[in-house]
Structures are given as C-alpha cells and as structure tokens.
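Coordinate inspection notes
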Amino acid sequence: MLYSLEIKIDSLWIKVISNEEEIEKLSLLSENFFIEEGSPKKRRVPYWLRRLEGDLRNYFSGQRVDFGKYPLKIANYSVFSQKVWREVKKIPYGEVRSYKWIGKKLNTRGYRAIGRVLSLNPFPLLIPCHRVVKKNGSLGGFSQGEEIKKRLLEIEGVFCEGGIN
DNA sequence: GTGTACCATAATA
DNA sequence: TATTATGGTACAC
C-alpha cells in the first residue's frame, strides 16, 4: 500500500510518497511545473506522515526543523549513493558544506560523482542537498532549479559569500 | 575565463 | 562486457 501526501506552500508543490513505515520519494516542484490541476488531494495517510506536513509548513515559515527523524527508503540505491546521502543528512540546519568536504569524508576525489548522486536525490529537503554548495561560495546546481536552492538557504539564514571550507 | 584530473552512472556499441 | 558521454566539482593556470 502506498500513500501520497500533497501539500501546497505558497508557490511550491510538495508531493510525498510513502509506504507503511518509510518515505519512498519526495518531489519539490515550482507551481509552473506541476502538471495536475486543482488543489492538493486529501487522503488518509499514516500518522507519522501527517506530522511531516506540519514540519514542512513550519520549515517554510522559518522555524528550525530537523527532518532527520523520518525514515527514508534508500536501501535499494547504490552503496556510493547511500554513503553520500548519509553524510549529507548530517549537515545541520543553517550550515553548508562543499562537495569537496563530502569527498573527504568518503575518501574520494570524485567531486562530480558526488554532485551527480545529489542530483538524483529522491528526498530533497529531507536529505538536505541544498546545503551542499561550491567551495568558492557560489551555489552550484540544484536539480529542482537553482531558485529553489537559493530560497531554501535564505530560509535557513545562510549566506556563503567568500567561500567555505 | 580555459584545461584537466576526478569518479559514479547511464547510454551505447 | 567494454567504451564513451555526462555531470549540482576543484584547482592550476
């Protein structure tokens, strides 16, 4: 049994797919890219997933929210991907790291491979790939669109001019 | 700005 | 199975 939770928060659509105990996917979409019309569908979802809706709303209203407690289904992805995502999950709210920093943790210099894996992140926000930026302080890419990445970092109060570690 | 080293995946042969 | 193409990078010019 799969559950789907659809939420609209100002110009953003968020769609979460879960099974009984794990989140399987989260999509983050700008309004213009959302294909279906109308308002979010109301369905019965597991209680812990309903809590996520509240957390998401709090997050976008500027509260400090830790999404780390939600169980994510990542076991079916490659070992390398899981390592990258696990490391990224540890980055605290309001802080950023560089792609190189992740590489150091994983003992690899395949920085582009890391970016590639992050671009395939099935759980934006929950795995905070928006907190991974280029070493020179510029944002780097974001699969859901650079505007969203910028906005997420602004919400968290992050400014990284001048480069980071 | 350009070139090159870097490494996981997907696409292609 | 082997080869190439493609990146959400980094670093030295």
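Note that the structure is a prediction, hence the values are computed from the model and not measured. (Residues numbered from 1 in each chain as written. Chains lettered and ligands numbered in written order. Predicted model: local features only at pLDDT ≥ 70, side-chain atom pairs only at ≥ 80, totals over all residues. Heavy atoms only, no water.)

In this section: the side chain of Arg131. Relative to the assigned elements, Arg131 resides in the loop between α4 (111-119) and β5 (132-133). Classification of Arg131 as buried rests on a relative accessible area of 6%. Once residues within four sequence positions are removed from consideration, Arg131 is found in contact with Ile91, Pro92, Tyr93, Gly94, Glu95, Val96, Arg97, Leu153 and Glu156. (Helix = DSSP H or I, 4+ residues; strand = E, 2+ residues; numbered from the N terminus. Buried < 20%, exposed > 50% of the residue type's maximum accessible area, 1.4 Å probe, protein only. Contact = heavy atoms within 4.5 Å.)

In the sheet, strand β2 (residues 12-18) pairs with strand β3 (residues 23-30) via 7 bridges, with the strands oriented antiparallel. In the sheet register, Trp13 faces β3, and the bridge partner there is Leu29. Linking β2 back to β3 in an antiparallel pair, the connection comprises 4 residues. (Pairing = 2+ DSSP bridges.)

Glancing now at the domain arrangement of chain A. Under the domain assignment used here, chain A contains domain 1 (3-69) and domain 2 (79-155). In this complex, domain 1 contributes 19 residues to the contact, which on the side of domain 2 involves 13 residues. When domain 1 packs against domain 2, close to 1,600 Å² is buried across both sides, 66% of that on carbon and sulfur atoms. Considering only the surface of domain 1 that becomes buried against domain 2, Leu26, Leu28 and Tyr59 emerge as the three largest contributors, covering 38% of it. Applying the counting criterion to the domain 1 and domain 2 interface returns 1 salt bridge. Measuring nitrogen to oxygen at the nearest pair gives 2.4 Å for the salt bridge that ties Arg151 to Asp10. At the level of secondary structure, the elements contributing two or more residues to the side of domain 1 that touches domain 2 comprise β3 and α1 (47-60). Ranked by residue count, the leading element in the side of domain 1 that touches domain 2 is β3, at 6 residues. Of the residues that constitute the side of domain 1 that touches domain 2, the class distribution is 10 nonpolar, 5 polar and 4 charged. (Domains from an automatic or database assignment. Buried area = accessible area lost by both parts, 1.4 Å probe. Salt bridge = Lys/Arg side-chain N within 4 Å of Asp/Glu carboxyl O. Nonpolar A, V, L, I, M, F, W, Y, C, P; charged D, E, K, R; others polar.)

Turning to its location among the elements, Glu147 is positioned in helix α5 (residues 146-155). Assessed through its relative accessible area of 58%, Glu147 is described here as exposed. Remark: the alpha-carbon pair of Glu147 and Phe60, spanning 87 residues in sequence, is separated by 15 Å.

On to the pairing of β2. Within β2, 5 of the 7 residues are buried, leaving the element largely enclosed by the surrounding structure. Between strand β1 (residues 3-9) and the antiparallel strand that follows it, β2, lie 2 residues; Asp10 among them carries a positive phi value of about 30°.

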